[in-house]
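Commentary on secondary and tertiary structure
Listed below are the residues making up each chain.
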Amino acid sequence: MSRRTRRTAPAPGTTRPTVTVCRGCCCGTPEVPGFDHAAQLRDLRQALDGRATVRVTDCLDACERANVVVVQPSAEGRRSGGRPVWLGLVNDPGATADITRWIEDGGPGLSDPPGILDLYTFRPSRRVRAELHDD
């Protein structure tokens, strides 16, 4: 992946990236013990306020990878080739901070994610992608 220009915030007038946090049947529950799910959501919302839309959704049907976070590009990021990035096993504050840093730099299509996020990236089934219109 090539290096792209790093940005500190979306340009005025462009849509923001969207960070979708699964809180369905397994994500955000005691199925992932010892992790403060409420703090993760609070931290994302506070850190990305004005930079990205953070939303919570019901089950994304990737329960074996709880907690799941999907980072969708801004309109500008999509025009630059960015596509939604699915991240699984996002169960530590460091991963949450890496996601935040990536969004602050522009997100998919505008900046490369921190390398460590490659360990969390996965591709959901075609059925799930079709239901969510990801492709």
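Since we're looking at a predicted model, the values are computed, not measured.

With that settled, the discussion passes to the packing of aromatic side chains. In the structure shown here, the tally under the stated rule is 1 aromatic pair. Here the aromatic rings of tryptophan 86 and phenylalanine 122 are separated by 5.8 Å at their centres, their planes lie at 75 degrees, and the arrangement is edge-to-face. Of this pair, tryptophan 86 sits in strand E4 (residues 85–87) while phenylalanine 122 sits in strand E5 (residues 121–122), and the two are 36 residues apart along the sequence. Classification of tryptophan 86 as buried rests on a relative accessible area of 3%. For phenylalanine 122, a relative accessible area of 9% gives the class buried.

Counting residues in each nonpolar core, the largest one holds 18 residues, and the members touching the most others are Val19, Leu48, Val54, Val71, Leu87, Val90 and Ile99. Of all the secondary-structure elements, those providing two or more residues to this core are strand E1 (18–22), helix H1 (37–48), strand E3 (69–72), E4 and helix H3 (93–104). Top contributing element to this core by residue count: H3, with 4 residues. The next biggest cluster of nonpolar side chains, apart from the first, holds 13 residues, and it includes Cys27, Phe35, Trp86 and Val128.

Let's shift gears to H1. In a regular helix each residue adds 1.5 Å, so 12 residues correspond to 16 Å; H1 covers 17 Å between its end C-alpha atoms and thus fits that length. Among all positions in H1, only His37, Ala39, Gln40, Leu41, Leu44 and Leu48 are buried. Where H1 is buried, its residues touch E1, strand E2 (53–57) and H3. Two or three places before alanine 38, at the opening of H1, aspartate 36 has a side-chain oxygen 3.4 Å from that residue's backbone nitrogen. Once H1 finishes, glycine 50 follows within two positions and takes phi at roughly 85 degrees, a positive value.

Inspection of every chain in the model, using the stated rule, returns 4 salt bridges. Across the pair glutamate 64 and arginine 65 runs a salt bridge whose closest N-O atoms are separated by 3.9 Å. A salt bridge links aspartate 98 to arginine 101, with the shortest nitrogen-to-oxygen separation between them at 2.2 Å. Here the residue aspartate 98 and the residue arginine 101 both occupy positions in helix H3, the gap between them amounting to 3 residues, near one helical turn. Relative accessible area serves as the criterion here: at 40%, arginine 101 is assigned to the partly exposed category.

What follows is about the environment of glutamine 40. In this structure, glutamine 40 sits in helix H1. Between the alpha carbons of glutamine 40 and valine 90 there is a distance of 9.4 Å; along the sequence they are 50 residues apart. When near neighbours in sequence (up to four residues on either side) are disregarded, glutamine 40 contacts Arg23, Phe35, Asn67, Val90 and Thr96. Here arginine 23 takes part through its side chain, which lies 2.7 Å from a polar atom of the side chain of glutamine 40. Within polar-contact distance, the side chain of glutamine 40 engages the side chain of threonine 96 at 3.2 Å.

What counts, and at which threshold
Residues numbered from 1 in each chain as written. Predicted model: local features only at pLDDT ≥ 70, side-chain atom pairs only at ≥ 80, totals over all residues. Heavy atoms only, no water. Phe/Tyr/Trp six-rings, centres within 6.5 Å; stacked < 30°, edge-to-face > 60°. Helix = DSSP H or I, 4+ residues; strand = E, 2+ residues; numbered from the N terminus. Buried < 20%, exposed > 50% of the residue type's maximum accessible area, 1.4 Å probe, protein only. Core = buried A, V, L, I, M, F, W, Y, C linked by side-chain atoms within 4.5 Å. Expected span 1.5 Å × (residues − 1). Contact = heavy atoms within 4.5 Å. Polar contact = N/O pair within 3.5 Å; in protein donor to acceptor, adjacent residues only side chain to side chain. Salt bridge = Lys/Arg side-chain N within 4 Å of Asp/Glu carboxyl O.

Purely geometric numbers; function is a separate question.
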